[in-house]
There are 2 protein chains.
Amino acid sequence: MPGTIYGDLMKTLIEYAQKGIVRDEFKTLGIQEHLSAREIMDRISAGEIVIMRQQDRICGIGRGLKTKVNVNIGSSNIQSDPDEEFAKAVIAEKYGADTLSELSMGGNVRDIRQNVVNATSLPLTTVPIYEAAAKGGISRMDEETIIRTLDDQVQEGISSVVLHTISNNQIEMIRKSGRIMGVVSKGGSIVASYMYQNACENPHISRFNEILEILHEHDVVLSLGNTLRSGCIHDPRDPAQEAELVDNIILARRAREAGVQTIIEWSGGHVRADLIADNMKYYKSRSEFPLFVAGPLPMDTAVGYDHIAGSVGASLASGHGADYLCYITPSEHLGLPTHDQVRDGLISFRIAAHIGDSMKYGPDDTDKNLARCRRKMDWEGQFKYAIDGERARTLRKGTGPCTMCGDFCALKLMNEIIR
Amino acid sequence: MPGTIYGDLMKTLIEYAQKGIVRDEFKTLGIQEHLSAREIMDRISAGEIVIMRQQDRICGIGRGLKTKVNVNIGSSNIQSDPDEEFAKAVIAEKYGADTLSELSMGGNVRDIRQNVVNATSLPLTTVPIYEAAAKGGISRMDEETIIRTLDDQVQEGISSVVLHTISNNQIEMIRKSGRIMGVVSKGGSIVASYMYQNACENPHISRFNEILEILHEHDVVLSLGNTLRSGCIHDPRDPAQEAELVDNIILARRAREAGVQTIIEWSGGHVRADLIADNMKYYKSRSEFPLFVAGPLPMDTAVGYDHIAGSVGASLASGHGADYLCYITPSEHLGLPTHDQVRDGLISFRIAAHIGDSMKYGPDDTDKNLARCRRKMDWEGQFKYAIDGERARTLRKGTGPCTMCGDFCALKLMNEIIR
């Protein structure tokens, strides 16, 4: 039904930008990011920037913008508590997440999602195949369920959906790849399992035009998932991963043509530290679309501390081109995160985004402002500019002299000498 | 008294190595690091490697060796509890520190140090100027106290001492530098304050031969401190820092000549992420001595999470040449660390060392072994290869199915398809 997709009815930000109509979103994002509305519109037209919206809030992702951080929450079919996910959403917003992905597969996932939407003003992403599979298992899933679940979620007012567009050709390449870890994407493996059980092509590809129409209707951002990411640092970038990128760039260009904003997720998972920059350059030399990276983890053995290893990988990724990071919590590979783990994962990735931005754009004034307060021993000023002032205040404990140096504080001693 | 220093009595590892006498230390280190005793000896002779010893334990630092991690502990004159420091030393050893620095300035520092020595088998480093200053304040310190305190500590059987060799010329450069943070080294500022109050040159420089004789006597490793490190990321590498390095290389060569093993600490503190690699190359193109780096922190605003930002900086530093890292805890800039913070800081820096080594030498088999266990869902195997298996086990909670994915585990789903 290309008539409906390409019709005269202008609806999406890409179409407004391409027609030169200056929407408030373009002005607002320009102010947030110190760019002109014109620059924003040019980049949206070209697919280089997407805008996710939720209520009055807008979040821009892509070329020349600050690196953004996504928080994943959601129940599993083993552990499901709607209050938990609500609380995690509140924590994500409080500690500065840019976007939220609600990935529940257990309990009443629709109620959980609605709870989460009500809990925050953050743009919300879902993976519709999760709910489609959760309804009655993969074996009872059919194409109509897949499309209808996606449509239902889009109608609810989410900001973005993830599609796993793995092809049979890619699955064949994985079979021959010799990878240690195979495929580690949950969404991708659900889709692959469906394709295998039904001996069919991926419905996300075969019915892509129809999906674009649904997304276009509500100007929902399309995020093309990274099914074939490496699951350990010894699994290198391989032909399957490169094919996934080529295929997703083609889909992203079709989406842009249809007025649908698109992000590509690539090179997340586990990647050797010395190859992260190269992967980012590989992507950027081929794709104009915003690059979303999960992690990456530059080591496999940081179990229980994956948020820290992930912060190292994500700093390198964002410093060399990633536009959007998906956080990792300390319980990655182990279970669902607790509230504190959501906070720790998020802050670790905001640290990575901040370091990455300092590499992309040079250090910003926040660091300088904090340093000036530190020099003056202005503690309140330091808490104000800190990434989590509340925690800094708690760890500082009390208002007496700093326990670290006491009378032998370097700043105090040197003030006598050099000032 | 050059006769005593350069005399025939062979005593230090440098001298054994230079004479071609194969000591057990050389063989043991070779086995630990997969190098021949010959290679170890050549590098020790050249000053490229040092060996710290404590009881039967040896720790090699320098060219071609795994990156090592140091843990700082110690009381301040505001907060002092010998049991605390004892407990922290035990934690440092338990969680895999390579060396320990005991930096107490409050309470009975000698007793605390003795407690710490008894608590662990880790090579111990001290900063003698701390105890010298703590005895009666900087104003009551004199040259004899400084030298005698150093001598006393060396007699006690420590492995390494830090000297702050700041010169009046360097202080003058700092006065003109326009730095936001000035000087942030506690030891360096104590020495500078002494020099200022007494209008004299640094006794560590003017009495360097005598100090070398003391260190030679017990083959204690000399660590030349990084007084002029940047205290915020907007304070760049400046002429003062470059002069400090030039001066310290000259001192290190004098030390090598005297048979004293030497490390140089440089480019720690706060350094922009995009300049860390360049600083490491700057050092390595000028100095053959092992490079010790504190941090560095690539952002100033991670207060309360400096161990995480520090892990990013230290990964880059070690990946580009640093041989030895000094950890940073979450309470850096805020106070003395708790036990848990010592553990968290240490693990964060062991992560950095591991990532750095993967950049220097390629990824090692630990990651591959863990990945193979993960693929087989062998949890015990994963705990065995994890950097902190105990914590991984605790976070995993119980032995049921993983709460993260449940029935929709990617590994399980894909096993049906690709195997």
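Residues numbered from 1 in each chain as written. Chains lettered and ligands numbered in written order. Predicted model: local features only at pLDDT ≥ 70, side-chain atom pairs only at ≥ 80, totals over all residues. Heavy atoms only, no water.

Engineer: Lay out the sheet that holds strand E10 (residues 324–326) of chain B with the relevant residues and their values.
Structural biologist: All names here are of chain B. Spatial strand order, E3-E4-E5-E6-E7-E8-E9-E10: eight strands in a closed barrel with parallel pairing. Ignoring which end each strand starts from, the neighbouring axes of this sheet average 25° apart. Those strands touched by helix H5 (residues 82–94) are strand E3 (68–73) and strand E4 (99–102), and its axis lies near 170° from that of E3. (Pairing = 2+ DSSP bridges. Helix = DSSP H or I, 4+ residues; strand = E, 2+ residues; numbered from the N terminus. Axes fitted to C-alpha atoms, helices over the stretch in contact; angles between N-to-C directions. Contact = heavy atoms within 4.5 Å.)

Engineer: Hey, could you go over the pattern of salt bridges for me, with residue numbers and the actual values?
Structural biologist: Residues and elements named next belong to chain A. With the rule as written, the count across this model stands at 56 salt bridges over all chains. The salt bridge involving Arg53 is made with Asp219; its shortest N-O contact spans 2.9 Å. With a gap of 166 residues between them, Arg53 in strand E1 (residues 49–54) and Asp219 in the loop between helix H12 (208–218) and strand E7 (221–224) connect regions that are remote in the sequence. Given the relative accessible area of 8%, Asp219 is considered buried. Between Asp323 and Lys284 there is a salt bridge, with its nearest N and O atoms 2.8 Å apart. Of this pair, Asp323 sits in the loop between helix H15 (306–319) and strand E10 (324–326) while Lys284 sits in helix H14 (residues 273–284), placing them 39 residues apart in sequence. Note on Lys284: relative accessible area 34%, which makes it partly exposed. (Salt bridge = Lys/Arg side-chain N within 4 Å of Asp/Glu carboxyl O. Buried < 20%, exposed > 50% of the residue type's maximum accessible area, 1.4 Å probe, protein only.)

Engineer: Provide a residue-level description of the relation of the copies chain A and chain B, including the pertinent values.
Structural biologist: It takes a turn of 180° to lay chain A on chain B, together with a shift of 0.0 Å along the axis; the resulting RMSD is 0.0 Å. Considering both components of the superposition, the chain copies are consistent with a two-fold axis. Distance from the rotation axis, computed per C-alpha, reaches its smallest value in chain A at Val312 of chain A: 2.3 Å. Counting the interface residues of chain A, we find that 100% of their copies in chain B are interface residues as well, pointing to one common contact surface. (Least-squares fit on C-alpha atoms with pLDDT ≥ 70 in both.)

Engineer: Which residues make up the packing of H15 of chain A against helix H15 (residues 306–319) of chain B, and what values go with them?
Structural biologist: It is at 9 Å that the axes of H15 of chain A and H15 of chain B come closest, and there the two elements cross at 55°. Between H15 of chain A and H15 of chain B, the crossing angle belongs to the class labelled oblique. Here the hand of the crossing between H15 of chain A and H15 of chain B comes out right-handed. Residues His307, Ile308, Ser311, Val312, Ser315 and Leu316 of chain A of H15 of chain A pack against His307, Ile308, Ser311, Val312, Ser315 and Leu316 of chain B of H15 of chain B. The residue makeup of the contact of H15 of chain A with H15 of chain B, split by class, is six nonpolar, six polar and no charged. (Parallel < 35°, antiparallel > 145°, perpendicular 65-115°, else oblique. Left-handed = near helix turned anticlockwise from the far one by under 90°. Nonpolar A, V, L, I, M, F, W, Y, C, P; charged D, E, K, R; others polar.)

Engineer: Please set out the interface of chain A and chain B residue by residue, giving values where relevant.
Structural biologist: Across the boundary between the two partners, chain A contributes 101 residues, which contact 101 residues of chain B. Surface buried jointly by chain A and chain B totals about 8,800 Å² across both partners, of which 69% is contributed by carbon and sulfur atoms. Where chain A touches chain B, the interface holds zero salt bridges. In this structure, the connection of chain A to chain B is made through 18 residue pairs in polar contact (both at pLDDT 80 or more). For the side of chain A that touches chain B, the element with the highest residue contribution is helix H16 (residues 339–361) of chain A, accounting for 10 residues. Of the residues contributing to the side of chain A that touches chain B, the split by class is 54 nonpolar, 25 polar and 22 charged. (Buried area = accessible area lost by both parts, 1.4 Å probe. Polar contact = N/O pair within 3.5 Å; in protein donor to acceptor, adjacent residues only side chain to side chain.)

Engineer: A description of the sheet that holds strand E5 (residues 124–126) of chain A should follow, citing residues and the corresponding values.
Structural biologist: All names here are of chain A. Spatially, eight strands are ordered E3-E4-E5-E6-E7-E8-E9-E10 in a closed barrel, and the strand pairing comes out parallel. Strand-to-strand twist in this sheet, taken as the mean axis angle between neighbours without regard to direction, amounts to 25°. Relative to E10, strand E9 (residues 291–294) runs parallel, the two sharing three bridges. Bridged to Ala294 within E10 is Cys326. Strands in contact with helix H5 (residues 82–94) are strand E3 (68–73) and strand E4 (99–102); relative to E3, the strand with the most contacts, it is inclined by about 170°.

Engineer: Quick rundown of the packing of H15 of chain B against helix H16 (residues 339–361) of chain B? Include the residues and the values.
Structural biologist: Residue and element names in this part refer to chain B. Viewed as axis vectors pointing N to C, H15 and H16 meet at an angle of 25°, and their least axial separation amounts to 7 Å. Our classification of the angle between H15 and H16 gives roughly parallel. Of the two elements, H15 crosses H16, and the hand of that crossing is right-handed. Here His307, Gly310, Ser311, Ala314, Ser315, Ser318 and Gly319 of H15 lie close against H16, whose contacting residues are Asp344, Gly345, Ser348, Phe349, Ile351, Ala352, Ala353, Ile355, Gly356, Met359 and Lys360. In terms of residue class, the contact of H15 with H16 is built from seven nonpolar, nine polar and two charged.

Engineer: Lay out the packing of aromatic side chains in plain terms, naming residues and giving numbers.
Structural biologist: Residue and element names in this part refer to chain A. Tallying each qualifying case throughout the model produces eight aromatic pairs over all chains. A centroid spacing of 4.0 Å and a plane angle of 25° characterise the contact between Phe292 and Tyr324, whose relative ring orientation is stacked. In this pair, Phe292 sits in strand E9 while Tyr324 sits in strand E10, placing the two residues 32 residues apart along the sequence. A relative accessible area of 6% places Phe292 in the buried class. Residue Tyr324 is classed as buried on the basis of its relative accessible area, which comes to 2%. For the ring pair Trp379 and Phe383, a centre distance of 6.4 Å and an interplane angle of 45° mean the geometry is tilted. (Phe/Tyr/Trp six-rings, centres within 6.5 Å; stacked < 30°, edge-to-face > 60°.)

Engineer: Any details on the environment of Gly225 of chain B? Residues and values, ideally.
Structural biologist: Residues and elements named next belong to chain B. With respect to the helices and strands, Gly225 occurs in the loop between strand E7 (221–224) and helix H13 (239–257). For Gly225, a relative accessible area of 0% translates into the label buried. Setting aside residues no more than four positions away along its own chain, Gly225 makes contact with Val162, Leu163, His164, Glu244, Asn248 and Glu265.

Engineer: Outline the side chain of Asp300 of chain B, listing residues and values.
Structural biologist: As for its placement among the helices and strands, Asp300 of chain B is situated in the loop between strand E9 (291–294) and H15. Put simply, Asp300 of chain B is tucked away with no salt bridge, and the nearest opposite charge, on Arg374 of chain A, sits 4.9 Å away. Here the side chain of Asp300 of chain B touches His270 of chain B through a polar contact of 2.7 Å, side chain to side chain. Not counting residues within four places of it along the chain, the set of residues in contact with Asp300 of chain B comprises Asp367, Leu370, Ala371 and Arg374 of chain A together with Cys232, Ile233 and His270 of chain B. (Lys, Arg positive; Asp, Glu negative; His and termini not counted.)

Engineer: Explain the pairing of strand E6 (residues 160–163) of chain B to me, using residue names and the numbers behind them.
Structural biologist: Residues and elements named next belong to chain B. The alternating pattern of E6 places Ser160 and Val162 on one face and Val161 and Leu163 on the opposite face, and all of these are buried. Relative to E7, E6 is paired through four bridges, and the arrangement is parallel. Within the sheet, the bridge partner assigned to Leu163 lies in E7 and is Leu224.

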